[in-house]
Structure formats: C-alpha cells, structure tokens
Amino acid sequence: MKNKSDFDIVHCHSPFLLPQHMMKLAKKRGVPTVITFHTRFHEDFERVLPKCLIKPAMKLIMRAFNMADYVVCVSNGTVDTLCEYGYKGRTTVIRNGTDLTFPEKHAELRDRIIKKENLFEEENVFLSVGRIVENKKLDLPLNALKILKERGVKFKYLIVGAGTYQSKLEKLVKQLDLEDCVKFTGKIMDREELTGYYLASDLFLFPSTFDTASLAPIEAAALKLPSLMTKGCSTAEILTDDVDGYLAEENAIAWADKIQKIIADKNRLAETKEMAYKQVYRSWDSVVEEVRDFYLWAIDDKKTQN
C-alpha cells in the first residue's frame, strides 16, 4: 500500500499560492503537474481590484501556469485567453459535463413546474439559469423580448438564480413593460425542481460572453433544451447554429429576430432539441474517462523527459 504522501500526478484547479507549493513538491518527486485554466482572471481583477494591483495579481497567477508541466483548458476560447495573458506552453482542451440526466419521470417533473408557474396557456417559454450579475448580460434578452412583445409575440421568460444585479434587472423589466411576462424565481437548489424548469421550457437563453465554458447550456442539453448564445463566445463552441442550438449577433434586434424565427417552426425546434441532447450534452462520466486517459499520457510523457 502506498504511503499517503505518494502520488503519481498533481492537478491544481486554482493558481493561487497552494499550487506553487504542490508543484515544487511534485518536481522533487519527479511527477507531472497539471493546472486547469477556466477563468478570465484579468477581467475579474479589473472588476474587484484597484488598478495598481492588477499587474501584480496577473504575475502571481501566471507564475503558477508557467510552473506546470501541462495546462488543461475548458474551451478553445480559454486557450486563446491564456495565450493573450502571455502563456507559451502546451495546452489540452477537456470540456465540461453535467450530472443532470434525462429522467424517466420527465413528464411529471415538467408538469410540476407548469402548474407551479401557471404555464398552461404559454406557447413560448424561455429560461435562463445562473448567477444574476452584470457580466451575464441578461439585459440583452430582456431588450430583445421587448421587441418581440411589440411585435405581438406571446411568451414567458423565467430567470432562475440570484445575484447582485437582480434589482437593476427588475427595474429594467418594469421600464420595458415586461412585468407580465418575466419572472425572477430566485435560486433553486433542488436538482429535481431545476430539472423541471428545463423540461418545461422551449428555449434556453444564454447571452453571456464572459463565461469560458458554462455548465448551464450543457445541463439544458441534457434535458433536450437547446440554447441561444452570442456568436463568438467561448461557451458557444459546443454547438452548431440551427443544428443543435442557435447563435445570434450581440444586439437586441438580432436576438429578437432569431428567437422569432426559432419559435415560428415548432417542428424544426423539436428536431433541434433532440440534436442538443445527442451532440451538446456530455456527462461527467465521459469527462472522467477523458481525464483519466490524459493523466496516463501525462505520466508516461513525464517519464520520457526524466
């Protein structure tokens, strides 16, 4: 039996302080070190740090990435971002998955939310799930839905989550005269209840361009709900426009036009729902298999270098 201090590989998921200690320990033992890059750190630092501290903070985290033997990124977009930060080493892309699966009692879970939210007469139900913060850009779909309402389109938009930007969005909803068709549900921690919201919806709206590889659209796909995202964002790499999801330029008119086109053809939307499940959904089990294979390769590759 191995001693508790024996290990074959070190994998860090944060670049702050502890990884640098673990990487030094791994180097002494001759085992490979891996670190995951999944956050736009510079943008986060700009939001929370004084300007004079951004450069030192970036230097600190980049030291960790440059110390590692291998860097895992969660999307091609994150590879580009890391390179913009000055990284010149090797990268491997391993995409995220979800623990949600399409349930046998899907009709029951769906009907429970239809009853709870009184969606019986709603032909078009749109959904967003996640933290309600400014960089999620939920004002974009709200402005798009204002245009659709003026065009006479009927819909219900459910926003699941909570956050610091909610009060401003609630004011925007009132300004746009959308109070009768937009609802903030609050945070939902019960996974079965959350599953029901996905199942009761027709389209998942994900306007964020900040997220590098959000889990929410993968959760939606697991429950046969396709996403509308902004063209060019990293998270949108997982889908193909008008095949297993949808893309639109980052402006309210483009989003309004795209949504109207999507809901106008219910048969095509039904096909897209199935394709989202087949091609966008990815379980954590499949991710674990990919990570295991990567670990085995990294261990062998490190041995050839020693």
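Preceding this paragraph is the structure being described.
Keep in mind that this is a model prediction, so the values were computed, not measured. (Residues numbered from 1 in each chain as written. Predicted model: local features only at pLDDT ≥ 70, side-chain atom pairs only at ≥ 80, totals over all residues. Heavy atoms only, no water.)

Side chains that differ in charge, positive against negative, can pair when their charged atoms come close. All chains considered together, the criterion is met by 24 salt bridges. With a shortest N-O distance of 3.2 Å, Arg110 and Asp111 are connected by a salt bridge. Lys116 is paired through a salt bridge with Glu193; the nearest N and O atoms lie 2.4 Å apart. Placement of Lys116 in helix α5 (residues 106–116) and of Glu193 in helix α8 (residues 191–199) is noted, with a sequence separation of 77 residues between them. Given a relative accessible area of 24%, Glu193 falls into the partly exposed group. Taken together, the shared-partner salt bridges in this structure form one network comprising Asp99, Arg191 and Glu219. (Salt bridge = Lys/Arg side-chain N within 4 Å of Asp/Glu carboxyl O. Helix = DSSP H or I, 4+ residues; strand = E, 2+ residues; numbered from the N terminus. Buried < 20%, exposed > 50% of the residue type's maximum accessible area, 1.4 Å probe, protein only.)

Their axes nearest at 10 Å, the elements helix α6 (residues 139–150) and helix α7 (residues 166–175) cross at an angle of 10 degrees. The orientation of α6 relative to α7 falls into the category roughly parallel. Along the contact surface, α6 presents Asp139, Leu142 and Asn143, while α7 presents Leu169, Leu172 and Val173. Residue composition of the contact of α6 with α7, by class: four nonpolar, one polar and one charged. (Axes fitted to C-alpha atoms, helices over the stretch in contact; angles between N-to-C directions. Parallel < 35°, antiparallel > 145°, perpendicular 65-115°, else oblique. Contact = heavy atoms within 4.5 Å. Nonpolar A, V, L, I, M, F, W, Y, C, P; charged D, E, K, R; others polar.)

Quick look at the layout of surface pockets now. If you add up the space inside the largest pocket, you get close to 790 Å³. Those elements that place two or more of their residues in the lining of the largest pocket are β5 (125–129), β6 (156–160), α8, β8 (203–206) and α9 (216–222). Looking at side-chain class alone, the lining of the largest pocket contains 17 nonpolar, nine polar and seven charged residues. Arg110, Leu199, Ala200, Ser201 and Lys273 are, among the 18 residues lining the second largest pocket, the residues nearest its centre. For the lining of the second largest pocket, the secondary structure elements donating two or more residues are α5, α8 and α11 (266–279). If one sorts the elements of the lining of the second largest pocket by residue count, α5 sits on top with three residues. A breakdown of the residues in the lining of the second largest pocket according to their chemical character gives nine nonpolar, two polar and seven charged. (1 Å grid on protein atoms, 1.4 Å probe; cavity = no way out; pocket = protein on both sides within 12 Å on 5 of 7 lines; lining within 4 Å. Points joined across faces, edges and corners; volume = space filled by probe spheres on them.)

The subject of this paragraph is empty space enclosed by the protein. Within this structure, the stated rule accounts for one cavity of 30 Å³ or more. Computed from the structure, the largest cavity encloses a volume of approximately 60 Å³. If you go around the largest cavity, the residues you meet are Val74, Ser75, Arg95, Asn96, Thr212, Ala213, Ser214, Ile218, Ser234, Thr235 and Ile238.

With that out of the way, let us pick up the packing of aromatic side chains. Within a pair of aromatic rings, the relevant descriptors are the distance that separates the centres and the angle that separates the planes. One pass over the structure, following the stated rule, counts 15 aromatic pairs. Note on Phe37 and Tyr85: the rings are 5.9 Å apart at their centroids and 85 degrees apart in plane angle, and the pair reads as edge-to-face. Placement of the pair is Phe37 in strand β2 (residues 33–37) and Tyr85 in the loop between α4 (76–84) and β4 (91–93), with a sequence separation of 48 residues. In this pair, the class of Phe37 matches that of Tyr85, namely buried. Ring centres 5.8 Å apart and planes at 40 degrees place the aromatic pair Tyr198 and Phe204 in the tilted group. Like Phe204, Tyr198 is buried. Members of the aromatic cluster, joined through ring pairs, are Phe16, Phe37, Phe41, Phe45, Phe65 and Tyr85. The ring of Phe102 has Lys224 sitting right over it, with the charged end atom 4.5 Å from the ring centre. (Phe/Tyr/Trp six-rings, centres within 6.5 Å; stacked < 30°, edge-to-face > 60°. Lys NZ or Arg CZ within 6 Å of the ring centre and 35° of its normal.)

The strands making up a sheet associate through backbone hydrogen bonding, with each pair oriented either parallel or antiparallel. Across the sheet, four strands lie side by side as β1-β2-β3-β4; this open sheet has parallel pairing. Of all the strands in the sheet, the pair left with one neighbour each is β1 (10–12) and β4. Across the sheet, the mean angle from the axis of one strand to that of its neighbour is 25 degrees, orientation sign disregarded. The sheet contacts of helix α1 (residues 18–29) involve β1 and β2, and relative to β1 the element is tilted by about 165 degrees. (Pairing = 2+ DSSP bridges.)

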